[in-house]
Amino acid sequence: MRKQLNPVCYMTILLMLFIFQIGNAQAPASKTINVSEAEVTKDLFYLSSDELAGRETGSNGIEKAAVYLEKRFFEIGLKPYYKTYRDSFMVGKKHAYNIVGVLEGNDERLKKEYIIIGAHYDHIGHGKKVNGDDIANGANDNAAGTTGVVQLAKHLAESGSNKRSIIFALFSGEEKGLKGSKHMAEELKKENIDLYAMINLEMIGVPMKAKSYMAYITGFKNSNLAEKFNDYSDGQKVLGFLPQAGQMNLFKRSDNYPFYQEFGVPAQTICTFDFSNYPYYHHVDDEAEFMDVSHMANLLENLIPGIEKMASTTDREIKMTE
């Protein structure tokens, strides 16, 4: 004969099942972040193609790059930060343009605070001829970083999770002495925007060798950005310290620096060029075919959780330490 459950036991089991179901219903679904290698390849290969002739500031080639990037920002759904996506300035007698879009925050208070994510999209144009080729395509420097900003903008726009507003800025004139970022930092300072932090992507096209982290950050000791960023990334060591970055004074040599100068907030560059993993700096062989697209997509996927958390914390947890 089948044994009947004690009524008290039966009710206990039902209660446990109910609690289990409620708990599952309230638990957030795990979020899969997927950066398309095909899209990375498309942006990277076009921006470093011979058609753009090395993207020298003021050239026809960089104008083609600017038009392409405006189209990408529009497709993504970013609003122009200014009347158009173009932030105009002069380098000598040459007209130059930063390409600037904004993703407004979704919190009435926090949207008045800004994070900038940037990279320079210019390069040197032409270099010393090798096997008949004199176009310095600048795949790693810095079509890779530019592609990274576009992909981060795409994901964050789709996610819509940012409470703070995020400015996506692609700078011209970096190779002429940080001209574009200096111009923009000065203009934003005049506007008196409330800048929380600035992250710059530079030369992320190839992975580092034998490191316990995915990328290094310049000015590592200047702020707690790397520490907090890794905390935001479920304890993964996404960002680390590279001694050569300090020895070569890289903190002052990329587009993060003018924002640090103007605002005195954490403004640092993320990079994977470690001086031993890529031989073609300012070289005509800095070509897209030598970039590791899988590495780029993986790095960007691992940067996204940290950026999302930065853009959503109630308090300003990223702070200067020196």
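Residues numbered from 1 in each chain as written. Predicted model: local features only at pLDDT ≥ 70, side-chain atom pairs only at ≥ 80, totals over all residues. Heavy atoms only, no water.

Engineer: Looking at this model, I keep getting lost on the pattern of salt bridges. Mind explaining?
Structural biologist: Where charged atoms of side chains with opposite charge meet at close range, the side chains can pair. The tally for this structure, following the rule as stated, stands at 18 salt bridges. With its nearest N and O atoms 3.9 Å apart, the salt bridge here joins Lys64 to Glu51. On the criterion of sequence distance, the pair formed by Lys64 in helix H3 (residues 60-76) and Glu51 in the loop between helix H2 (37-47) and H3 is long-range, its members being 13 residues apart. Beyond isolated ion pairs, a larger network of salt bridges with shared partners links Glu39, Asp43, Arg72, Glu75, Lys154 and Glu158. (Salt bridge = Lys/Arg side-chain N within 4 Å of Asp/Glu carboxyl O. Helix = DSSP H or I, 4+ residues; strand = E, 2+ residues; numbered from the N terminus.)

Engineer: Where do I start with the pairing of strand E7 (residues 165-171) in this structure?
Structural biologist: Within a regular strand, side chains alternate between the sheet's two faces. Of all the seven residues making up E7, seven are buried; the element is thus mostly covered by neighbouring parts of the structure. Across five bridges, strand E3 (residues 94-103) lies against E7 in antiparallel orientation. Directly across from Val102, in E7, lies its bridge partner Ile167. Sheet topology places strand E4 (residues 113-120) next to E7; seven bridges connect them, and they run parallel. Looking across to E7, one finds that Ala119 is bridged to Leu170. (Buried < 20%, exposed > 50% of the residue type's maximum accessible area, 1.4 Å probe, protein only. Pairing = 2+ DSSP bridges.)

Engineer: Please clarify how H3 should be interpreted in this entry.
Structural biologist: In an α-helix, one turn spans 3.6 residues, which is why side chains three or four residues apart end up on the same side. Across its 17 residues, H3 extends 25 Å between first and last C-alpha, which sits within 8% of the 24 Å expected from 1.5 Å per residue. Those residues of H3 that fall on the buried side of the exposure criterion are Gly61, Ile62, Ala65, Ala66, Tyr68, Leu69, Glu70, Arg72, Phe73 and Ile76. Phi turns positive, to about 100 degrees, at Gly77, one or two residues after H3. (Expected span 1.5 Å × (residues − 1).)

Engineer: What exactly am I supposed to notice about the pairing of E4 here?
Structural biologist: The element E4 is largely enclosed, with a buried count of eight among its eight residues. Here E4 shows a buried face lined by Glu113, Ile115, Ile117 and Ala119 and a second buried face lined by Tyr114, Ile116, Gly118 and His120.

Engineer: Please clarify how the nonpolar core should be interpreted in this entry.
Structural biologist: Side chains that are nonpolar tend, in soluble globular proteins, to be buried together. Ranked by internal contacts, the top residues of the largest apolar core, which has 70 residues, are Ile117, Phe168, Leu201, Phe229, Leu239 and Leu303. Broken down by element, the residue count for this core peaks at nine residues, all from helix H9 (residues 293-310). Grouped together as the second largest cluster of nonpolar side chains are 18 residues, Val102, Ile116, Ala169 and Ile193 included. (Core = buried A, V, L, I, M, F, W, Y, C linked by side-chain atoms within 4.5 Å.)

Engineer: Can you walk me through helix H4 (residues 139-159) in this structure?
Structural biologist: A rise of 1.5 Å per residue sets the reference length of H4, with its 21 residues, at 30 Å; its end C-alpha atoms lie 28 Å apart and thus fit the reference within 8%. Most of H4 sits inside the fold, with 17 of its 21 residues counted as buried.

Engineer: Would you take a moment to explain the packing of H4 against H9 for this structure?
Structural biologist: A pair of packed helices is captured by two measures, namely the crossing angle of their axes and the spacing between those axes. Across the interface, H4 lies against H9 with an axial gap of 10 Å and an inter-helix angle of 50 degrees. Considering their axes alone, H4 and H9 lie oblique with respect to each other. Taken as a pair, H4 and H9 cross one another with a handedness that is right-handed. Contacts between H4 and H9 pair Ala144, Thr147, Gly148, Gln151, Leu152, His155, Leu156 and Ser159 from the former with Met296, Leu300, Ile304, Ile307 and Glu308 from the latter. Considered class by class, the residues forming the contact of H4 with H9 number seven nonpolar, five polar and one charged. (Axes fitted to C-alpha atoms, helices over the stretch in contact; angles between N-to-C directions. Parallel < 35°, antiparallel > 145°, perpendicular 65-115°, else oblique. Left-handed = near helix turned anticlockwise from the far one by under 90°. Contact = heavy atoms within 4.5 Å. Nonpolar A, V, L, I, M, F, W, Y, C, P; charged D, E, K, R; others polar.)

Engineer: What am I meant to see in unusual backbone geometry here?
Structural biologist: The phi torsion of most residues other than glycine is negative, and most of the peptide bonds are trans. In this model, Asp141 is joined to Asn142 through a cis peptide bond whose omega is 5 degrees. Look at His282: it is not a glycine, yet its phi comes out positive at around 50 degrees. Relative to the helices and strands, His282 resides in the loop between strand E11 (267-271) and H9.

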